[in-house]
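Spelled out from the first residue to the last, the chains are:
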Amino acid sequence: KGCKLVGCGSALPSIQISNDNLSEIVDTNDEWISVRTGIRNRRILSRKESLTAMATEAAQKALQMAKVEPNDVDLVLLCTSTPEDLFGSAPQIQKALGCSHNPLAYDITAACSGFLLGLVSAACYIRGGGFNNVLVIGADALSRYVDWTDRGSCILFGDAAGAVLLQVITPFHIFLIEEDGLFAFDMHSDGEGQRHLKAGMKENNTDQELATNGSLLGLLPKGSSSYSCIEMNGKEVFRFAVRVVPHSIELALEKAGLGVSSIDWLILHQANQRIIDAVATRLEVPQERVISNLANYGNTSAASIPLALDEAVRSGKVQAGDTIATAGFGAGLTWGSAIVRW
Ligand code: ACO
């Protein structure tokens, strides 16, 4: 069995924050941010908006494009590092979509590589059999974990959701189309690099509780742990991305038996325009084949690849049959790439 991409969709929060807006809260300016990152605006979830609702909207649009009913979905994979329930938000999306036959739905946590891992997982489920329509949603609200006093990181992130629907290719279809929609992939992680980018768990113990140390109560966690804001060594993350991403794409192309000239579109995780440019230059992919929407949305973590894909498809840039090289990279550290056909 093979699979194909048959729909995509995206959704954005209502609040837009420009570089000038940020310069009102930290010591920065539009020129520094746009020259160093390519980012000019980002969308941020308001306190009244929910990640789950935004992810559901993106998934609904993907289903509409694919002309597939919610009841025909067999699996919902929510790629997010910012769920609204510690135990996962995917089942809430499955419920909101109205998939009444209770298909499996669960979260995948791999920061900015999350969508790529979800895409490959979906393809593996379909190839294994028993799954015909799999929704892969990338959605993140990193604004909830940003230190808004840290000018080195708060300028980078935005919130968004994007989704794709992967569908089985039956033997009859394969006879007609001949090729699977996921040609090849390459994925890695390196826990050693976690120190460069993290949002670790913190226990909210009060001084009084710490004073009870020694008693059983003092040994038990308080039960209201939370996560620290994002701590990032931007230079190290930059170096890591520029080092690993071109190599990963080359490996995936080699596995697919394709050369760089076969790439119609390069859609990288949208983290920094200088990273995108450096990877494209290393691979010798011409600028006109590189998709970037970073200026409008910043780094939207697991949402960035499906958001960029959705815009490119709906604007008519990406056409049916195009070959796309895509790559995710980020916290973990995690990274990987896939060669897919739209
Ligand atoms: N405005 C003005 N000045 C600033 C700002 C700012 N927002 N931020 C930092 N500076 C200053 C620094 O203090 C420093 O000043 P100094 O020279 O007086 O010490 C100077 O600008 C240079 O700072 P650097 O940190 O060296 O700047 P750099 O060129 O490395 O750019 C950046 C920083 C944009 C963060 C870059 O390193 C980057 O994009 N790295 C990749 C980060 C990334 O992609 N992270 C997400 C990964 S995905 C995930 O999983 C979440």
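Residues numbered from 1 in each chain as written. Predicted model: local features only at pLDDT ≥ 70, side-chain atom pairs only at ≥ 80, totals over all residues.

- Going by what an unreviewed UniProt entry lists, the protein chain is known as beta-ketoacyl-[acyl-carrier-protein] synthase III and is assigned to Salvia splendens.
- A UniProt comment under Sequence similarities (unreviewed entry) is attached to the protein chain, and it reads "Belongs to the thiolase-like superfamily. FabH family." (UniProt positions renumbered as here; feature names shortened; annotations may be inferred.)

Focus on the site of the ligand
Thinking step 1. For the ligand, the set of nearby residues contains 23 residues, the closest of which are Thr28, Cys112, Gly234, Ala271 and Gly330.
Thinking step 2. Breaking the shell around the ligand down by element, the ones donating at least two residues are helix H2 (30-37) and helix H9 (234-256).
Thinking step 3. Its residues assigned to classes, the shell around the ligand shows 12 nonpolar, 8 polar and 3 charged. (Near = placed C-beta within 6 Å. Helix = DSSP H or I, 4+ residues; strand = E, 2+ residues; numbered from the N terminus. Nonpolar A, V, L, I, M, F, W, Y, C, P; charged D, E, K, R; others polar.)

Points about the UniProt feature "domain: Beta-ketoacyl-[acyl-carrier-protein] synthase III N-terminal" (unreviewed entry) in the protein chain
Thinking step 1. Residues annotated in UniProt with the feature "domain: Beta-ketoacyl-[acyl-carrier-protein] synthase III N-terminal" (unreviewed entry) correspond here to residues 106-169.
Thinking step 2. Helix makes up 23% of residues 106-169 and strand 33%. Its end C-alpha atoms lie 23 Å apart.

Quick look at the sheet that holds strand S8 (residues 182-189)
Thinking step 1. Strands sit in the order S8-S15-S14-S13 across an open sheet of 4 strands; the sheet is mixed. Each edge of the open sheet carries a strand with a single partner, namely S8 and strand S13 (265-268). Pairwise comparison of adjacent strand axes, ignoring direction, gives a mean angle of 10° for this sheet.
Thinking step 2. Pairing geometry for S8 and strand S15 (residues 334-341), over 7 bridges, is antiparallel. (Pairing = 2+ DSSP bridges. Axes fitted to C-alpha atoms, helices over the stretch in contact; angles between N-to-C directions.)

Describing the sheet that holds strand S1 (residues 2-11)
Thinking step 1. Pairing in this open sheet of 5 strands is mixed, and the strands run S1-S7-S6-S4-S5 from one edge to the other. The strands lining the two open edges of the sheet, one partner per strand, are S1 and strand S5 (104-108). Averaged over all neighbouring strand pairs, the angle between strand axes comes to 20°, with direction disregarded.
Thinking step 2. Of the strands in this sheet, S1, strand S4 (75-79), strand S6 (133-140) and strand S7 (160-169) are in contact with helix H3 (residues 51-66), which crosses S1 at around 130°. (Contact = placed C-beta atoms within 7 Å.)

Overview of the pairing of S7
Thinking step 1. Where burial is concerned, most of S7 is hidden: 9 out of the 10 residues are buried.
Thinking step 2. Both S1 and S7 contribute to a ladder of 9 bridges, which runs antiparallel. By the bridge assignment for S7, glycine 2 is matched with isoleucine 169.
Thinking step 3. Of the strand pairs in this sheet, S6 and S7 are connected by 8 bridges, and their pairing is antiparallel. Its bridge partner being in S7, aspartate 140 is matched across the sheet by alanine 160. (Buried ≥ 20, exposed ≤ 12 C-beta atoms within 10 Å, placed from the backbone.)

Remarks on the packing of H9 against helix H10 (residues 273-283)
For any two helices packed against each other, one specifies the inter-axial angle together with the distance between the axes.
Thinking step 1. At a minimum axis distance of 9 Å, the contact between H9 and H10 shows a crossing angle of 35°. The way H9 lies across H10 gives a crossing that is right-handed. Contacts between H9 and H10 involve Phe238, Ala241, Val242, Val245, Pro246 and Ile249 on the former and, on the latter, Ile275, Ala278, Val279, Arg282 and Leu283.
Thinking step 2. Looking at the contact of H9 with H10, its residues break down into 10 nonpolar, no polar and 1 charged. (Left-handed = near helix turned anticlockwise from the far one by under 90°.)

Regarding the packing of H3 against helix H4 (residues 90-97)
Thinking step 1. Closest axis-to-axis distance for the H3/H4 pair is 9 Å, and the angle between their directions is 55°. Classified by the interaxial angle, the pair formed by H3 and H4 is oblique. Regarding H3 and H4, the two cross each other, and that crossing is right-handed. In this structure, H3 uses Thr52, Ala55, Thr56, Ala59 and Gln60 to contact H4, whose residues at the interface are Gln92, Ile93, Ala96 and Leu97.
Thinking step 2. Here the residues of the contact of H3 with H4 are counted per class, giving 5 nonpolar, 4 polar and no charged. (Parallel < 35°, antiparallel > 145°, perpendicular 65-115°, else oblique.)

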